[in-house]
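Residues per chain are reported as follows:
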Amino acid sequence: QKEVEQNSGPLSVPEGAIASLNCTYSDRGSQSFFWYRQYSGKSPELIMSIYSNGDKEDGRFTAQLNKASQYVSLLIRDSQPSDSATYLCAVPEMDSSYKLIFGSGTRLLVRP
Amino acid sequence: NAGVTQTPKFQVLKTGQSMTLQCAQDMNHNSMYWYRQDPGMGLRLIYYSASEGTTDKGEVPNGYNVSRLNKREFSLRLESAAPSQTSVYFCASSASRGTSNQPQHFGDGTRLSIL
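Quick caveat, the model's predicted, so the values are computed rather than measured.

Colleague: Just to check I follow, could you spell out the pairing of strand E4 (residues 31–37) of chain B for this structure?
Modeller: For a regular strand, the rule is simple: side chains alternate between the two faces of the sheet. All names here are of chain B. Within E4, 7 of the 7 residues are buried, leaving the element largely enclosed by the surrounding structure. Along E4, one buried face is formed by Ser 31, Tyr 33, Tyr 35 and Gln 37 and the opposite face, lined by Met 32, Trp 34 and Arg 36, is buried too. Sheet topology places E4 next to strand E9 (residues 87–94); 7 bridges connect them, and they run antiparallel. Note on E9: the bridge partner recorded for Tyr 35 is Phe 90. As judged from the 6 bridges shared by E4 and strand E5 (residues 43–49), these two strands associate in the antiparallel manner. Among the inter-strand pairings, Arg 36 is bridged to a residue of E5, identified as Arg 44.

See the structure below:
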């Protein structure tokens, strides 16, 4: 059973729309959650970290965490074609303070 | 502003050859990691080093060895390369100390092809 689940997509949205990316995880004890963006042929880049329930905003990005329901979301407002990438959710591995479990990623396509 | 530096960026090997992938970080991080990513697949952890002087196996360690040379450097060695090891290899580091997980920061990757 995978510990971090993401819809593989592609999620296609028009330019200017809000893109909503979701991630569910299995370990109720997880305390840290991370979103990475990976452009094709490039390495993962950290874009958001969230540690407590609720919303965290950074520019056009908002991370939403709901520990009771065990999901974390990433909203991208005013989506741009340059946001087209694969977005990876990462959650700490159960009983590990060092290892992260990465989801397989959701591919986002922003249509001009 | 280097962060995590990997060398080489590209490499082609013949089956049975050996090579070492190098990784260095300048962020004073304690923990370092090696992942592989195959086309259309997620990241898979090969080995990690929680701190200088320690290394542990990840999800897919067979066919690989690692050395944590010092706090900055963590190398990955393929002793006898096989076509199944054709992949993109990422090194990452984090400030995780065993009390709480910190994000990992990735190098640019090494694209390795084994013929």
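Colleague: Just to check I follow, could you spell out the state of the cysteines for this structure?
Modeller: Disulfide: a covalent bond formed between the sulfur atoms of two cysteine residues. Using the criterion set out here, one finds 2 disulfides over all chains in the structure. At a sulfur-sulfur separation of 2.1 Å, the disulfide partner of Cys 23 of chain A is Cys 89 of chain A. Disulfide Cys 23 of chain A to Cys 89 of chain A: torsion about the S-S bond roughly -70°, handedness left-handed. Of the two residues, Cys 23 of chain A sits in strand E3 (residues 19–25) while Cys 89 of chain A sits in strand E9 (residues 85–92), which places them 66 residues apart along the sequence. Taking relative accessible area as the criterion, Cys 89 of chain A reaches 0% and is therefore assigned buried. Bridging Cys 23 of chain B to Cys 91 of chain B, the disulfide has an S-S length of 1.9 Å. The sign of the S-S torsion, about -75°, decides the handedness of the disulfide formed by Cys 23 of chain B and Cys 91 of chain B: left-handed. Note that Cys 23 of chain B is positioned in strand E3 (residues 19–25) and Cys 91 of chain B in strand E9, a separation of 68 residues in sequence.

Colleague: How should I be thinking about the interface of chain A and chain B in this particular structure?
Modeller: One widely used convention gives an interface's size as the accessible area the parts lose upon coming together. Of the residues lining the interface, 19 residues belong to chain A; the matching set on chain B comes to 23 residues. The junction of chain A with chain B conceals about 1,700 Å² of combined surface from both sides, 55% of it contributed by carbon and sulfur atoms. Among the residues of chain A in contact with chain B, Ser 97, Tyr 98 and Lys 99 of chain A are the three that bury the most area, contributing 36% of the side total. Put simply, chain A and chain B have 0 salt bridges between them. Among the elements of the structure, strand E4 (33–38), strand E5 (45–50), E9 and strand E10 (100–102) of chain A are those that each provide at least two residues to the side of chain A that touches chain B.

Colleague: Is there a simple way to explain empty space enclosed by the protein in this structure?
Modeller: As enumerated under the stated definition, the model contains 1 cavity of 30 Å³ or more in all. Roughly 30 Å³ of volume is contained in the largest cavity. Split by residue class, the lining of the largest cavity holds 5 nonpolar, 2 polar and 3 charged.

Colleague: Would you take a moment to explain the environment of Gly 59 of chain A for this structure?
Modeller: All names here are of chain A. Take Gly 59: it is sitting in the loop between strand E6 (54–58) and strand E7 (61–66). Accessibility expressed as a relative area gives 54% for Gly 59, which makes it exposed. Separated by 44 residues in the primary sequence, Gly 59 and Gly 103 have C-alpha atoms spaced 24 Å apart.

Colleague: Help me understand the side chain of Gln 38 of chain A, please; the structure alone is not making it clear to me.
Modeller: Secondary-structure assignment places Gln 38 of chain A in strand E4. Note on Gln 38 of chain A: relative accessible area 9%, which makes it buried. Within the local environment of Gln 38 of chain A, its side chain forms a polar contact with the backbone oxygen of Lys 42 of chain A, the two atoms lying 2.9 Å apart. Within polar-contact distance, the side chain of Gln 38 of chain A engages the side chain of Gln 37 of chain B at 2.8 Å. Non-local contacts of Gln 38 of chain A, meaning those with residues more than four positions away in its chain, are made with Ser 43, Pro 44, Ala 85, Thr 86 and Leu 88 of chain A together with Gln 37 and Phe 90 of chain B.

Colleague: Explain the packing of aromatic side chains here, please?
Modeller: How two aromatic rings sit relative to each other is given by the distance of their centres and the angle of their planes. This model, assessed by the stated rule, comprises 11 aromatic pairs over all chains. With a centroid separation of 5.4 Å and an interplanar angle of 55°, the aromatic rings of Tyr 36 of chain A and Phe 102 of chain A are classed as tilted. You can see Tyr 36 of chain A sitting in strand E4 and its partner Phe 102 of chain A sitting in strand E10, a full 66 residues away along the chain. By relative accessible area, Tyr 36 of chain A is classed as buried at 0%. When its relative accessible area of 9% is taken as the criterion, Phe 102 of chain A is described as buried. A ring pair is formed by Tyr 35 of chain B and Phe 106 of chain B, whose centres lie 5.7 Å apart and whose planes are at 40°; its orientation type is tilted. Here the residue Tyr 35 of chain B occupies a position in strand E4, and Phe 106 of chain B occupies one in strand E10 (residues 105–106), the gap between them amounting to 71 residues. Of the two residues, Tyr 35 of chain B and Phe 106 of chain B, neither departs from the other in class, the shared state being buried. Counting every residue linked through ring pairs, the aromatic cluster contains Tyr 36 and Phe 102 of chain A together with Tyr 33, Tyr 35, Tyr 48, Phe 90 and Phe 106 of chain B.

Thresholds applied
What you see as residue numbers is a count from 1 along each chain, following the sequence as written. Chain letters start at A and ligand numbers start at 1, both assigned in the order the entries are written. Restriction of local features to residues with pLDDT of at least 70 applies here, the model being predicted, together with a cutoff of 80 or more for giving and counting side-chain atom pairs; totals for whole chains, interfaces and linings are based on all residues. Side-chain calculation: all heavy atoms of the structure are included, whereas hydrogens and water are not. Think of it in three bands: with a 1.4 Å probe and only protein chains considered, a residue is buried below 20% of the maximum accessible area for its type, exposed above 50%, and partly exposed in between. Under the scheme used here, helices are H or I runs from DSSP no shorter than 4 residues and strands are E runs no shorter than 2 residues, and both carry numbers assigned from the N terminus. Strands are treated as partners if at least two bridges between them are detected by DSSP. Disulfide assignment relies on a single distance test, namely cysteine sulfur atoms paired within 2.5 Å. Residues are treated as being in contact if the distance between any of their heavy atoms lies within 4.5 Å. A 1.4 Å probe defines the accessible area here, and the buried area is the portion of it lost by two parts on being joined, summed over both. Counted as salt bridges are all cases of a side-chain nitrogen of Lys or Arg within 4 Å of a carboxyl oxygen of Asp or Glu. Space inside and on the surface of the protein is sampled on a 1 Å grid over the protein atoms alone, with a cavity defined as a set of points where a 1.4 Å probe fits but cannot get out and a pocket as an open set with protein on both sides within 12 Å along at least 5 of 7 lines; lining residues have an atom within 4 Å of a point. Grid points are joined across faces, edges and corners, and a volume is the space filled by probe spheres set on the points. Each residue is assigned to one of three groups, with Ala, Val, Leu, Ile, Met, Phe, Trp, Tyr, Cys and Pro labelled nonpolar, Asp, Glu, Lys and Arg labelled charged, and all others, Gly among them, labelled polar. Polar contacts, as counted here, are pairs of nitrogen or oxygen atoms within 3.5 Å of one another; within protein the pair requires one atom able to donate a hydrogen and one able to accept it, and residues that are adjacent in sequence qualify only if both atoms are side-chain atoms. For Phe, Tyr and Trp, rings pair up if their centres lie within 6.5 Å, where Trp contributes its six-membered ring, and each pair is then called stacked (planes under 30 degrees apart), edge-to-face (over 60) or tilted (otherwise).

This is a description of form; function is not addressed.
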